[in-house]
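Reading the structure
This is what each chain is made of:
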Amino acid sequence: AQSVTQPDIHITVSEGASLELRCNYSYGATPYLFWYVQSPGQGLQLLLKYFSGDTLVQGIKGFEAEFKRSQSSFNLRKPSVHWSDAAEYFCAVGTQGGKLIFGQGTELSVKP
Amino acid sequence: KAGVTQTPRYLIKTRGQQVTLSCSPISGHRSVSWYQQTPGQGLQFLFEYFSETQRNKGNFPGRFSGRQFSNSRSEMNVSTLELGDSALYLCASSLGTGAGANVLTFGAGSRLTVL
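No experiment lies behind these values; they were computed from the predicted model shown. (Residues numbered from 1 in each chain as written. Chains lettered and ligands numbered in written order. Predicted model: local features only at pLDDT ≥ 70, side-chain atom pairs only at ≥ 80, totals over all residues. Heavy atoms only, no water.)

Next up on the list: the overall build of chain A. A count of helical and extended segments in chain A gives 0 helices and 12 strands. Across chain A, helices and strands are ordered from the amino to the carboxyl terminus as β-β-β-β-β-β-β-β-β-β-β-β. Its C-alpha atoms give chain A principal-axis dimensions of roughly 40 × 30 × 20 Å. For chain A, buried positions account for 46% of its 112 residues. (Helix = DSSP H or I, 4+ residues; strand = E, 2+ residues; numbered from the N terminus. Buried < 20%, exposed > 50% of the residue type's maximum accessible area, 1.4 Å probe, protein only.)

Put into structure tokens, the structure is as follows:
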């Protein structure tokens, strides 16, 4: 069955520290992979996507993610976290058309 | 260009009533998808419309329905509301074809509370 797992429900990091959010997927074919961010009371904003090619993809707001087929992972990273990065982050795999399967999300808190 | 617009942003209904939510996609986008977001179940796919036809459907009861108009605007309807229907309903639009079909732009959502 197709699924996405985000093992960490909540992560707290200090401002300026590096960040890595984990995502594992289960999908039979070559996946289309996405990271979205959601601020409280808002919709989802696309951070980055992977379709094919270079396994390290760059996104907006200084985020990057690396696709590792052997580990079925697509982890999100940022070298230096800012207080404004506090939000909930969702990993997703694309299936047919507009149907995405989302992970349960990781809530990020940033300590000053 | 304008983003995805959802109306209303907030609404309160009582059990047994019905509700209609509206979504205006990004200009040029032909696909509209709907998602339900709850603390317990997370983000779940409801259905997708492309060129006025339902193309994909999630695992929701028939009380949940939708439609798409010729200008790509979409509505979803929930009949006989239950307490468990309280959620944030998110609409997303995309080009609808090729790899772009999966690249969704989301609206801010409609927050439904059922009392």
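We now examine the interface of chain A and chain B. Reports of interface size often rely on the accessible area that becomes lost once the parts have come together. Taken together, the contacts link 21 residues of chain A with 22 residues of chain B. Among the residues chain A hides against chain B, the three largest losses belong to Leu44(A), Gly98(A) and Phe102(A). Together they make up 27% of the total. Linking chain A with chain B are 0 salt bridges, by the criterion used here. Between chain A and chain B we count 7 residue pairs in polar contact (both at pLDDT 80 or more) in total. For the side of chain A that touches chain B, the secondary-structure elements that each account for two or more residues are β5 (32-38), β6 (44-50), β10 (87-94) and β11 (100-102) of chain A. Sorting elements by how many residues they give to the side of chain A that touches chain B places β5(A) first, with 4 residues. Partitioning the side of chain A that touches chain B into residue classes produces 9 nonpolar, 10 polar and 2 charged. (Contact = heavy atoms within 4.5 Å. Buried area = accessible area lost by both parts, 1.4 Å probe. Salt bridge = Lys/Arg side-chain N within 4 Å of Asp/Glu carboxyl O. Polar contact = N/O pair within 3.5 Å; in protein donor to acceptor, adjacent residues only side chain to side chain. Nonpolar A, V, L, I, M, F, W, Y, C, P; charged D, E, K, R; others polar.)

Residues and elements named next belong to chain A. Tallied over the entire structure, the rule returns 16 aromatic pairs over all chains. Where Tyr32 meets Phe51, the ring centres are 4.4 Å apart and the plane angle is 40 degrees; that geometry is what we call tilted. Highlighted residues: Tyr32 in strand β5 and Phe51 in the loop between β6 and β7 (56-58), separated in sequence by 19 residues. Residue Tyr32 is classed as partly exposed on the basis of its relative accessible area, which comes to 29%. (Phe/Tyr/Trp six-rings, centres within 6.5 Å; stacked < 30°, edge-to-face > 60°.)

Within the secondary structure layout, Gln38(A) lies in strand β5. Within the local environment of Gln38(A), its side chain forms a polar contact with the side chain of Gln37(B), the two groups lying 2.9 Å apart. Setting aside chain neighbours within four positions, we find Gln38(A) in contact with Gly43(A), Leu44(A), Ala87(A), Glu88(A), Phe90(A), Gln37(B), Leu88(B) and Leu90(B).

Moving on to the nonpolar core. In this structure, Leu19(A), Trp35(A), Leu47(A), Leu48(A), Phe74(A), Leu76(A) and Tyr89(A) are the most contacted members of the largest nonpolar core, which totals 27 residues. Listing elements by their share of this core, those giving two or more residues are β2 (10-14), β3 (19-21), β5, β6, β8 (64-68), β9 (73-78), β10 and β12 (106-111) of chain A. The greatest single-element share of this core, amounting to 4 residues, is contributed by β10(A). Apart from the residues lying within four places of it in its own chain, the contact partners of Phe74(A) are Cys23(A), Leu33(A), Phe34(A), Trp35(A), Leu48(A), Tyr50(A), Val57(A), Ala65(A), Glu66(A), Phe67(A) and Cys91(A). Counting residues in each nonpolar core, the second largest holds 21 residues, with Trp34(B), Leu46(B), Ala87(B) and Tyr89(B) among its members. (Core = buried A, V, L, I, M, F, W, Y, C linked by side-chain atoms within 4.5 Å.)

In this section: the pattern of salt bridges. Under the counting rule described, the total for this entry stands at 9 salt bridges over all chains. The partner of Glu75(B) in a salt bridge is Arg67(B), with the nearest N and O atoms 3.2 Å apart. The salt bridge partner of Glu75(B) is Arg73(B), with a shortest N-O separation of 3.4 Å. A network of salt bridges, in which partner residues are shared, links Glu64(A), Glu66(A) and Arg77(A).

Let us look at the sheet that holds strand β3 (residues 19-24) of chain B. Residues and elements named next belong to chain B. Pairing in this open sheet of 4 strands is antiparallel, and the strands run β1-β3-β8-β7 from one edge to the other. Edge positions in the open sheet fall to β1 (5-7) and β7 (64-68), since each of these has one partner strand only. Across the sheet, the mean angle from the axis of one strand to that of its neighbour is 15 degrees, orientation sign disregarded. Direction of pairing for β1 relative to β3: antiparallel, over a ladder of 3 bridges. Residue pairing for β3: Thr5 is matched across the bridge by Ser24. (Pairing = 2+ DSSP bridges. Axes fitted to C-alpha atoms, helices over the stretch in contact; angles between N-to-C directions.)

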